[in-house]
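Now for the letters of each chain:
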Amino acid sequence: MNILLLGSGGREHALAWKMVQSPLLTRLYIAPGNAGTAGMGINLSLSVTDFPAVKEAVLSHHIGMVVVGPEDPLVMGIRDYFLSDPEVLHVPVIGPAKQGAMLEGSKDFAKQFMIKYGIPTARYQTFIKNTLTDGIAFLGKLDAPYVLKADGLAAGKGVVICHSVEEATAELTAMLRDERFGAASESVVIEEFLHGIELSAFAITDGISYKILPEAKDYKRIGESDTGPNTGGMGSVSPVPFAGKAFMEKVETQVIRRTMEGLKAEGIHYTGFLFFGLMNVKGNPFVIEYNCRMGDPETESVVPRITSDLVALLQAVANGTLAAETITTDPRFATTVMLVSEGYPDAYEKGKLISGEEAVVGSMVFHAGTRMEKDEVLTNGGRVMALTSFGETMQEALATSYLNVQKITFEGKCYRRDIGFDL
Ligand code: AMP
Ligand code: GLY
């Protein structure tokens, strides 16, 4: 079978790397891909949200399955688009339809869903422009810090944590009245701050049954010791040592199972990946957010640990036969260190020559923001490359990633030296 994978980050390179190991795959196409995915199959230059172009590619390359990496096409309804078009109706799209993707696309929808189905989450209220004064009054009833979330997709920037009521009032006003995040902040969720340690859990579902994938911890802040602004993610570790059997059982019974049952009760036929952003509060899981896709850079440490055939799993998702599959995993630690461009997550330069990849030994190199020009690999984004290594211990895996980090060079290369510091 030919597969079309949508996306262009480290997550997609890791998914591509895994899929090409499957005997079920004939040819892999990636759109738009990066310099790394070019080595896994054929990159197609098209936008993941240009659905007619995706359909055209599916027909001309005899694609049997579309795997969606990022959230944008899902929230915009790529699956619905395929289901409504007789010419591509037979081609399964791995990822939820628009209604299911609302778990990520609308924070207010996600919160209402969690409350309705008894899924542990922070207490909250949602406000709009007309209820701004009520929102300000609500802030007065909470203790600092304050968590403000733009309802819609805001490229990972829509969550603001404020340390004083004055700052929170100004931020809420900017979001609601001044449309700081455009349409995404027409509604704003204000929620209680949860004190704990974060981790990411993942499931895959065919809408009937589900399987749990290895969990991971992501390092979102740019600076060491988790300081400075949020990024897309600077590194990841899987498994997560504090997510022991008892904790993961709570995650399954209180979060994953209730979510799956809630989706069924709502009549939402959810298929694909589901990502649970969790806070471990004194041994109890609380949901911070849902994502309708895999995480990045979590995928770069989770997917290498899956020893079963990913294409077979995805086919089972498409066929509704996931219950019959078993997912096997490598018990070792996988750690990922992300190399980023100087200045990221603010302004940064692109087009810097990358060298040294051929000298890497013992790590997997997953490209994120890279592109090929003639025979050269150039930087093409804030997050440039991920180095993933295995080890019997987290420290051993990290040592290999950090050794190989030294071999890759490009102007302005930055990375966090403390991935796993809190574990
Ligand atoms: P999100 O985009 O929802 O993942 O939020 C971004 C980050 O804000 C999360 O990774 C957390 O670090 C933080 N955050 C979100 N909600 C809360 C909360 N209720 N309590 C504490 N931190 C939070
Ligand atoms: N690493 C967090 C995310 O993918 O949203």
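Please read these numbers as outputs of a predicted model, since none were measured by experiment.

Enquirer: I would appreciate a short explanation of the sheet that holds strand β8 (residues 159–162) in the present structure.
Expert: Strand pairing in a sheet is mediated by backbone hydrogen bonds. Such pairs are either parallel or antiparallel. Strand order in the open sheet formed by four strands is β6-β9-β7-β8, and the pairing between neighbours is antiparallel. Looking at the sheet topology across the chains shown, the edges are occupied by β6 (124–128) and β8. Adjacent strand axes in the sheet meet at a mean angle of 25°, parallel and antiparallel pairs treated alike. As paired strands, β6 and strand β9 (residues 187–191) are joined by five bridges and run antiparallel to one another. Pairing of threonine 126 across the sheet is with valine 189, part of β9. Contacts from helix α6 (residues 107–116) reach β6, β7 (146–150), β8 and β9, with the element oriented near 145° to β6. The strands touched by helix α8 (residues 165–176) are β6, β7, β8 and β9; relative to β7, the strand with the most contacts, the crossing angle is about 10°.

Enquirer: What is the right way to look at the site of ligand 1 in this model?
Expert: If you check the shell around ligand 1, you find 14 residues, and the closest are Glu191, Glu192, Leu194, Glu198 and Glu289. Within the side chain of lysine 149, a nitrogen or oxygen atom sits 3.1 Å from a nitrogen atom of ligand 1. For ligand 1, whose unbound accessible area comes to 470 Å², protein coverage reaches 89%. Listing elements by their share of the shell around ligand 1, those giving two or more residues are β7, β8 and β16 (284–291). By residue class, the composition of the shell around ligand 1 is seven nonpolar, no polar and seven charged.

Enquirer: What's the story with the pairing of strand β4 (residues 63–68) in this structure? I'm lost.
Expert: Where burial is concerned, most of β4 is hidden: five out of the six residues are buried. Of the pairings in the sheet, the one linking strand β1 (residues 2–7) to β4 comprises five bridges and is parallel in character. Looking across to β4, one finds that leucine 5 is bridged to valine 67. Relative to strand β5 (residues 93–94), β4 is paired through two bridges, and the arrangement is parallel.

Criteria and thresholds
- Residues numbered from 1 in each chain as written.
- Chains lettered and ligands numbered in written order.
- Predicted model: local features only at pLDDT ≥ 70, side-chain atom pairs only at ≥ 80, totals over all residues.
- Heavy atoms only, no water.
- Pairing = 2+ DSSP bridges.
- Helix = DSSP H or I, 4+ residues; strand = E, 2+ residues; numbered from the N terminus.
- Axes fitted to C-alpha atoms, helices over the stretch in contact; angles between N-to-C directions.
- Contact = heavy atoms within 4.5 Å.
- Near = heavy atom within 4 Å.
- Polar contact = N/O pair within 3.5 Å; in protein donor to acceptor, adjacent residues only side chain to side chain.
- Areas by Shrake-Rupley, 256 points an atom, 1.4 Å probe, with all protein chains shown as cover.
- Nonpolar A, V, L, I, M, F, W, Y, C, P; charged D, E, K, R; others polar.
- Buried < 20%, exposed > 50% of the residue type's maximum accessible area, 1.4 Å probe, protein only.

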